[in-house]
Amino acid sequence: MMLRISKYSIFFFALIIILFPRIASNISAIEHYPDIMIFAGIYCLITIGLSLLMGYAGQISLGHGAFYGIGAYISAILTTRFGWNPWSCMVIGAVITSIVAFVVGAPSLKLKGHYLAMATLAFGVIVFIIFNEEIEWTGGPDGMTGISGLTLFGFPLNTVERYYYFVWGIVLAVFIFTVNIIQSGSGRALRAIHSSEAAAMAMGVDVSRYKIMVFTYSAALASVAGSLYAHYLNFVNPSSFDIFFSIKLLIMIALGGMHYIWGAIIGAVIITFLNYEWLHYFEELEILVYGAILLIVTIFLPQGLAGIPAIVKHWFRRTLSDGSR
Amino acid sequence: MEADKGILKISELVMAFGGLMALYKPDFVIRQGTITAVIGPNGAGKTTLFNVITGFLTPNEGTIHFRDQSIINLKPHEIAGLGISRTFQTVEIFENMTVLENVMLGFHTKLRSSFISSGFQLPLTRRKEKEIKSKAMDILKFIGLSGKWNEPADSLPLGEQKVLEIGRALASDPALICLDEPAAGLNETESHLASSLIMAIKEKGVTVVLVEHDMKVVMDISDEVLVLNYGQKIAYGTPEEIKNDPKVIEAYLGDDGAYA
């Protein structure tokens, strides 16, 4: 069951975002964490959309790494080759990615379950190959450098702290926007599609329209995330957008709990820290850790970390009612 | 005055699955404000008829007119928008939602919702949402489930799930409601409740078409009975007329008279 998301929890979330860099800067062991949190925030944008697509509407995508990459490369190409303003690159990236998502999604979303997964996986592979092979445009496996940074109202976002607040400000806005969708007629329609397409149709839900809408929305968010990534690092190369990244996104929402929008945030943050910080020790065995996480979560905690409060509550209620007997 | 006007007219309808004739020209007219039961042996084409009316299947031939408008080739959600609602033989409630949310989803046709209006929580969207919530509570009172509004829909017993499905179908304020075996799997008390609910729906002015095997329910509440066998209409009339129709008796008993 979807728990209602209270204003207080969002307020608390905003407070953590604001305070985190202040706290981190005073503790030398985690001084560099805001930098990692920037990447976590960028991934959050993708996982929020993916959670809406997969957890709420029940449509599987293994190709969101590609949408993320398209956003990043459009920003990279337009700023370096044509000297465009980064903001317009971001918007154009989102528009083009939406169109691509619409074209790919319209036929693919007629497919169900594994077939949809395979179609989006194939799309991801194709896009990855294009990034690698279209050397003239994308620089091939070496990638592209010299992507310009962002400036907000004449205020360059050139420090970790500034970019942190900028990215997490967007995450917060997107989060609230998405929560509003979930807690409205559109969100109900998506969940209805997940539960029974036939019944949703019979109740007047235009199932294909909603599927395309949620697919396009999640792709556009991934594209914006890609642009934010490119303008932050000033460098892109194909390896950031491979199939393994798409799978990592799935691990993020599975770990966090894809039926809860909070799960998108929790999962993205944890996996990002594992990726950039805590798993260095494992080197190339890293992938085994991710596999283990996915395995453990799907077997023992299918609702993900965000589902734990509900389980605890349920358990408490049961113990209490047993005790009163 | 309007009581005798046909709300749904079906003529020359043919629905074939490969070589199998699921429906073959069962011409009939449903009168507004009545309860019409569609009966017939298993495989007679009853559910297929519902699927054709509600747009889940496109017939090979024939016409269906709802309030003098052709609804052939329309998609299910478009037909729902015109005012035809339905339930399913195998209960299709949204098990990932609460009882109240199930009914609120039923109001979808009254809602012009998009991601933009929902995401920004425009004032109109909020007002609509409030309005829908209170109307959905009214429906829950009508079907007798208001005490369980906040419970997960899949925690209800089957009888209540069926009632909830009817409530959800009523939410779109339909002119015609198609109920596919509303009493199947229910015990005597529950099916009695279902009967009185269907009567109450008729009182509201909604035309009801139902597929049902429970003959007691059919005979108690229907104004008209349509009997199908192998996709064809073999009888149409009042319950009294149908009961004594030799063709109907033959279809049900068969040549060997093994089943009553």
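These numbers come from a predicted model, not from an experiment.

Caption draft 1: Examining the nonpolar core more closely. Of all hydrophobic cores here, the largest spans 161 residues; its most connected members are A:Tyr68, A:Trp168, A:Leu228 and A:Val236. The greatest single-element share of this core, amounting to 17 residues, is contributed by helix 2 (residues 33-56) of chain A. Within the second largest apolar cluster, 27 residues are counted, among which are B:Val38, B:Phe50, B:Ile71 and B:Leu228.

Caption draft 2: Examining the interface of chain A and chain B more closely. In this assembly, 31 residues from chain A lie in contact with 33 residues from chain B. Carbon and sulfur atoms supply 65% of the area buried between chain A and chain B, which totals about 2800 Å² over both sides. Our count for the contact surface shared by chain A and chain B stands at two salt bridges. Residue B:Glu101 is joined to A:Arg191 by a salt bridge in which the shortest nitrogen-to-oxygen separation is 2.9 Å. Here chain A and chain B share 10 residue pairs in polar contact (both at pLDDT 80 or more) between them. When residues of the side of chain A that touches chain B are traced back to their parent elements, those giving at least two are helix 7 (160-182), helix 8 (185-195), helix 9 (197-202) and helix 10 (207-233) of chain A. Tallying contributions element by element places helix 8 of chain A first for the side of chain A that touches chain B, with nine residues. For the side of chain A that touches chain B, the per-class residue count stands at 18 nonpolar, nine polar and four charged.

Caption draft 3: Here's a closer look at the packing of helix 8 of chain A against helix 10 of chain A. Residue and element names in this part refer to chain A. At a minimum axis distance of 10 Å, the contact between helix 8 and helix 10 shows a crossing angle of 105°. Between helix 8 and helix 10, the angle is such that the two are roughly perpendicular. On helix 10, the residues touching Ser186, Ala189, Leu190 and Ile193 of helix 8 are Val207, Tyr210, Lys211 and Val214. For the contact of helix 8 with helix 10, the per-class residue count stands at six nonpolar, one polar and one charged.

Caption draft 4: View of a nonpolar patch on the surface. Residue and element names in this part refer to chain A. Residues Phe11, Phe12, Leu15, Ile16, Ile18, Leu19, Ile23 and Ile27 make up a contiguous nonpolar surface patch of roughly 770 Å² in combined accessible area. By the secondary structure assignment, Ile18 is in helix 1 (residues 7-25). The partly exposed category is assigned to Ile18, whose relative accessible area is 46%.

Caption draft 5: Representation of the layout of surface pockets in the model. Volume-wise, the second largest pocket comes out at about 510 Å³. Of all the secondary structure elements, the ones that give two or more residues to the lining of the second largest pocket are helix 4 (86-108), helix 7 and helix 10 of chain A together with helix 4 (115-119) of chain B. Grouping the amino acids of the lining of the second largest pocket by side-chain chemistry returns 18 nonpolar, three polar and no charged.

Caption draft 6: View of the side chain of A:Thr97. Note on placement: A:Thr97 falls in helix 4. Accessibility expressed as a relative area gives 0% for A:Thr97, which makes it buried.

Caption draft 7: Looking closely at unusual backbone geometry. One non-glycine residue with positive phi stands out, namely A:Phe153, at about 45°. For A:Phe153, the position within the fold is in the loop between strand 2 (151-152) and strand 3 (155-156). A relative accessible area of 81% places A:Phe153 in the exposed class. Backbone geometry at B:Arg67 places phi at a positive 50°, although glycine is not the residue there. With respect to the helices and strands, the residue B:Arg67 is situated in the loop between strand 5 (61-66) and strand 6 (69-70).

Thresholds, definitions, all that
Residues numbered from 1 in each chain as written. Chains lettered and ligands numbered in written order. Predicted model: local features only at pLDDT ≥ 70, side-chain atom pairs only at ≥ 80, totals over all residues. Heavy atoms only, no water. Core = buried A, V, L, I, M, F, W, Y, C linked by side-chain atoms within 4.5 Å. Buried < 20%, exposed > 50% of the residue type's maximum accessible area, 1.4 Å probe, protein only. Helix = DSSP H or I, 4+ residues; strand = E, 2+ residues; numbered from the N terminus. Contact = heavy atoms within 4.5 Å. Buried area = accessible area lost by both parts, 1.4 Å probe. Salt bridge = Lys/Arg side-chain N within 4 Å of Asp/Glu carboxyl O. Polar contact = N/O pair within 3.5 Å; in protein donor to acceptor, adjacent residues only side chain to side chain. Nonpolar A, V, L, I, M, F, W, Y, C, P; charged D, E, K, R; others polar. Axes fitted to C-alpha atoms, helices over the stretch in contact; angles between N-to-C directions. Parallel < 35°, antiparallel > 145°, perpendicular 65-115°, else oblique. Patch = residues over 30% accessible without salt bridge, like charges linked within 9 Å, V, L, I, M, F, W, Y side chains within 5 Å. Areas by Shrake-Rupley, 256 points an atom, 1.4 Å probe, with all protein chains shown as cover. 1 Å grid on protein atoms, 1.4 Å probe; cavity = no way out; pocket = protein on both sides within 12 Å on 5 of 7 lines; lining within 4 Å. Points joined across faces, edges and corners; volume = space filled by probe spheres on them.

Function cannot be read off these values alone, since they describe shape.
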